[in-house]
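Per-entry structural report
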Amino acid sequence: MSVIKVDDVSIRYMRGDFRDIGIKDYVIKKLKGNYKITEFWADRHVSFTLEKGDMLGIIGTNGAGKSTLLKCISGVMRPTEGSVEVEGNVAALLELASGFDGELTVYENTYLRGAMLGYTREFMDSMYDKIIAFAELEDFQDRPFKQLSSGMKSRLAFSIACLVNPDVIILDEVLSVGDGGFKEKSGNKMKEVLSGGVTGILVSHTMKQVRELCNKVLWLNKGQQICFSDDVEAVTKAYEEFLITKKLPSSIEDIEDLAKKNDVRVARIQNRKKKLEQEKLFKLVETLDDASLQSLHELVEEHMQK
Amino acid sequence: MFNSFKQHMFLFEELTKRDFKKKYKRSVLGMGWSILSPLLQLLVLSLVFKHFFGRNMEHYTIYLFCGNLLYGYFKEATKGGMNSLVMNKAIITKINVPKYIFLLSKNISSLINFLINIGVFFVFCLVDGICFKWSFTLLIIPVVCLVIFNIGVGMILSAFYCVFKDVSYLYDIFTMLLMYMSAIFYTVDILPLNLQNCFYLNPVFCFIKYFRVIVVDGMIPSLGLHALCIGYAALLLILGCITYKKMGHKFVYYL
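Within each chain, residue numbers correspond to sequence positions counted from 1 in written order. Here chains are named by letter from A upward and ligands by number from 1 upward, in the order in which they appear as written. At least 70 in pLDDT is required for a residue's local features to be given in this predicted model, at least 80 for side-chain atom pairs to be given and counted, and no such filter applies to totals for whole chains, interfaces and linings, which use all residues.

Helix and strand labels come from DSSP, where a helix needs a run of H or I of at least four residues and a strand needs a run of E of at least two; each type is numbered from the N terminus. Summing up its helical and strand segments, chain A has ten helices and nine strands in all. Our radius of gyration is a C-alpha quantity, and the globule rule it is checked against amounts to 2.2 Å times the number of residues to the power 0.38. A compact globule built from 306 residues would reach a C-alpha radius of gyration of about 19 Å, whereas chain A, at 26 Å, exceeds it by more than 25%. To sort residues by exposure, count the other C-beta atoms lying within 10 Å of each residue's C-beta; 20 or more gives buried, 12 or fewer gives exposed, and values between give partly exposed, all with C-beta atoms placed from the backbone. Out of the 306 residues belonging to chain A, those deemed buried represent 39%. Nonlocal contacts in chain A, meaning residues at least 24 apart in sequence, comprise 70% of its contacts between residues at least 6 apart. Here the contact rule is simple: place C-beta atoms from the backbone, and any two residues whose C-beta atoms are within 7 Å are in contact.

In structure tokens form, the structure reads like this:
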């Protein structure tokens with residue numbers, strides 16, 4: 001049974017309709033007969049399914065339609081075409097700090113956010129202390145939210161979303177929250193949540209992160225689905241190659257090809273690095289005098305014997 | 001719809017609390033303003049108009065208070081309702097929650113204000129020598145109708161406000177017109193009869209009229225007036241629901 005099923009989803013934005021131009025221009029243009037709407041497809045024919053426990057990484061350059069797709073999955077938007085089916089409650093971390101109210105206190109904001117994510121008052125009562133402790137905001141509970149630093153705000157948002165045990169978690173470039181200590185803590189917490197059988201979607205520009213956390217990957221480019229695959233290694237490498245050469249793969253074989261090319265490139269870069277280091281070493285040896293060369297020789301021999 | 005509302009009860013409570021708290025956050029008097037501001041309005045109105053319209057009329061201040069009370073609530077609730085979607089766009093575009101929740105919570109916080117003012121109104125009645133009668137309990141009918149009416153108007157306005165920002169300015173003008181058409185500070189008796197009947201086309205006038213018949217005239221309103229109040233409320237609520245049903249999922253594109 002799939003938890004998330006996205007079937008041939010396309011999302012269209014309208015440009016130049018009355019939202020853009022206001023009522024006056026709308027009427028004038030309507031009368032003149034040059035009223036025109038241009039379409040913009042943020043996503044076109046995107047399809048994939050996720051089983052329970054899957055972690056999907058969505059990759060793509062800016063403007064690829066990643067966030068729009070997430071909005072569709074979290075139910076904020078309806079797809080123009082196609083269908084999205086999601087089972088269970090969704091905790092969406094789309095831009096962490098939004099939706100908080102600067103005038104309210106941390107305490108009030110925590111409850112408000114919990115309510116927005118669909119939890120009951122009893123549940124929030126029981127979780128509140130844990131959330132505040134995890135966010136390390138014990139001393140700030142009665143402060144207006146606007147007085148917090150932006151790192152603290154994100155910490156609170158992250159803590160709420162992670163500690164409430166969602167069925168589906170959606171993370172939009174949010175895994176690098178807070179300072180060093182909290183980053184490590186949140187990373188561990190994230191892994192713990194994910195290993196608990198939650199189904200997740202992660203948008204990230206860090207391929208290393210995608211390789212570490214995800215078992216499936218979706219590559220979008222300008223709204224088009226390049227591929228959906230469980231070969232995370234190959235796709236992320238192909239994507240890295242694409243970022244350098246700007247050449248899109250046209251088939252699955254192409255992706256493997258690109259991934260190999262990327263391997264070669266990475267190997268070459270490493271080789272060059274190694275060579276540079278060797279050269280440095282040689283130069284160093286050349287500058288040594290006879291006595292120190294002798295002692296170096298003895299050291300190496302001693303080491304070899306060991 | 002009822003089920004989803006039950007599910008979102010907690011959110012509804014939190015939003016109402018937020019709206020109410022934010023309203024008086026920076027003022028010194030806080031909630032005192034919700035009592036003081038209509039009283040000051042009343043003072044100004046009665047200073048200006050008492051000598052024009054209230055000379056040969058008993059309980060003119062109460063007459064004025066009725067109109068100002070209901071009109072004030074109508075204006076506040078519908079304007080708040082109009083802004084409710086745009087003000088919460090940061091939430092609506094990020095998290096999937098039913099949009100009418102924002103409108104309802106805003107309406108509730110103006111309703112609380114209104115109820116406080118009704119309390120003040122009754123105190124004024126006593127001072128002016130109008131004793132409490134059992135017929136006063138009937139006032140619950142126009143109050144409930146007005147609440148529903150305001151929600152309906154708020155739904156329609158907030159939907160259009162998402163799309164046309166101009167609605168806000170047009171509505172300001174419209175409410176001003178409505179104020180003069182609601183016979184707040186004058187009586188309609190001076191006008192010819194067929195013109196008097198035109199006033200019943202204005203829902204706000206009907207609600208005000210209902211209040212006046214009971215409080216000032218001490219009578220029970222006719223069945224026709226009941227029908228008008230209930231009819232207007234039902235009509236606007238239905239129109240509002242249709243608007244939301246039709247446009248609900250499109251709001252995100254416009255916010």
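Moving on from the model shown.
Turning our eyes to something else, we now look at the overall build of chain B. A count of helices and strands for chain B gives twelve helices and zero strands. Ordered by position in the sequence, the α and β elements of chain B form the string α-α-α-α-α-α-α-α-α-α-α-α. Relative to the 2.2 N^0.38 estimate, which gives 18 Å for 255 residues, the radius of gyration of chain B is 19 Å and therefore close to what a compact globule would have. The principal-axis extents of the C-alpha atoms in chain B amount to approximately 60 × 45 × 35 Å. In chain B, which comprises 255 residues, the share counted as buried stands at 38%. Considering only contacts in chain B between residues 6 or more positions apart, those separated by 24 or more positions represent 80%.

In this section: unusual backbone geometry. Residues and elements named next belong to chain A. For E136, which is not a glycine, the phi torsion comes out positive at approximately 60°. Looking at the element boundaries, E136 is found in the loop between α4 (121-135) and α5 (150-163). In this structure E136 comes out as partly exposed when scored by C-beta crowding, with 16 C-beta atoms within 10 Å.

In the case of a regular strand, side chains alternate between the two sheet surfaces. Residue and element names in this part refer to chain A. Burial analysis of strand β8 (residues 216-221) places five of its six residues in the buried class, which makes it a mostly covered element. Strand pairing requires that DSSP identify at least two bridges connecting the strands. Judged from the four bridges that link them, strand β3 (residues 55-59) and β8 form a sheet pairing that is parallel. Its bridge partner being in β8, I59 is matched across the sheet by W219. Note that β8 and strand β9 (residues 224-229) share five bridges and pair antiparallel. Looking across to β9, one finds that L218 is bridged to F228. What sits between the antiparallel neighbours β8 and β9 is a turn of two residues, in which K222 has the positive phi angle 50°.

Let us look at the interface of chain B and chain A. At the junction of the two partners, chain B supplies 22 residues and chain A supplies 25 residues. The leading source of residues in the side of chain B that touches chain A is helix α2 (residues 9-23) of chain B, at six residues. Three classes are used: nonpolar for Ala, Val, Leu, Ile, Met, Phe, Trp, Tyr, Cys and Pro, charged for Asp, Glu, Lys and Arg, and polar for all others, with Gly counted as polar. Broken down by class, the residue content of the side of chain B that touches chain A amounts to eleven nonpolar, three polar and eight charged.

Residues and elements named next belong to chain B. Helix axes use the C-alpha atoms of the stretch in contact, all axes being lines fitted to C-alpha atoms, and the angles between their N-to-C directions lie in the range 0 to 180 degrees. One way to put it is that α2 packs onto helix α6 (residues 100-127) with a least axis distance of 8 Å and a crossing angle of 50°. As the angle between them shows, α2 and α6 are arranged oblique. In the crossing of α2 with α6, the sense of the turn from one axis to the other is right-handed. Taking contact as the criterion, the partners of L11, F12, L15, T16, D19, F20 and K23 in α2 are, on α6, I101, F102, L104, S105, K106, I108, S109 and I112. If an angle is under 35 degrees, it is roughly parallel; if it is over 145, roughly antiparallel; if it lies from 65 to 115, roughly perpendicular; otherwise it is oblique. Throughout, a crossing is termed right-handed when the near helix is turned clockwise from the far one, and left-handed when it is turned anticlockwise from it by less than a right angle.

On to the domain arrangement of chain A. Assigned domains of chain A: these are domain 1 (2-231) and domain 2 (265-305). Residue ranges for the domains trace back to a domain assignment, done automatically or taken from a database. Just the C-alpha atoms count here: the centres of domain 1 of chain A and domain 2 of chain A sit 51 Å apart.

Moving on to the pairing of β3(A). Residue and element names in this part refer to chain A. For β3, the tally of buried residues reaches five of five residues, placing the bulk of the element in the interior. The alternating pattern of β3 places M55, G57 and I59 and L56 and I58 on opposite faces, both of which are buried. As judged from the four bridges shared by β3 and strand β7 (residues 199-203), these two strands associate in the parallel manner. Its bridge partner being in β7, G57 is matched across the sheet by L202.

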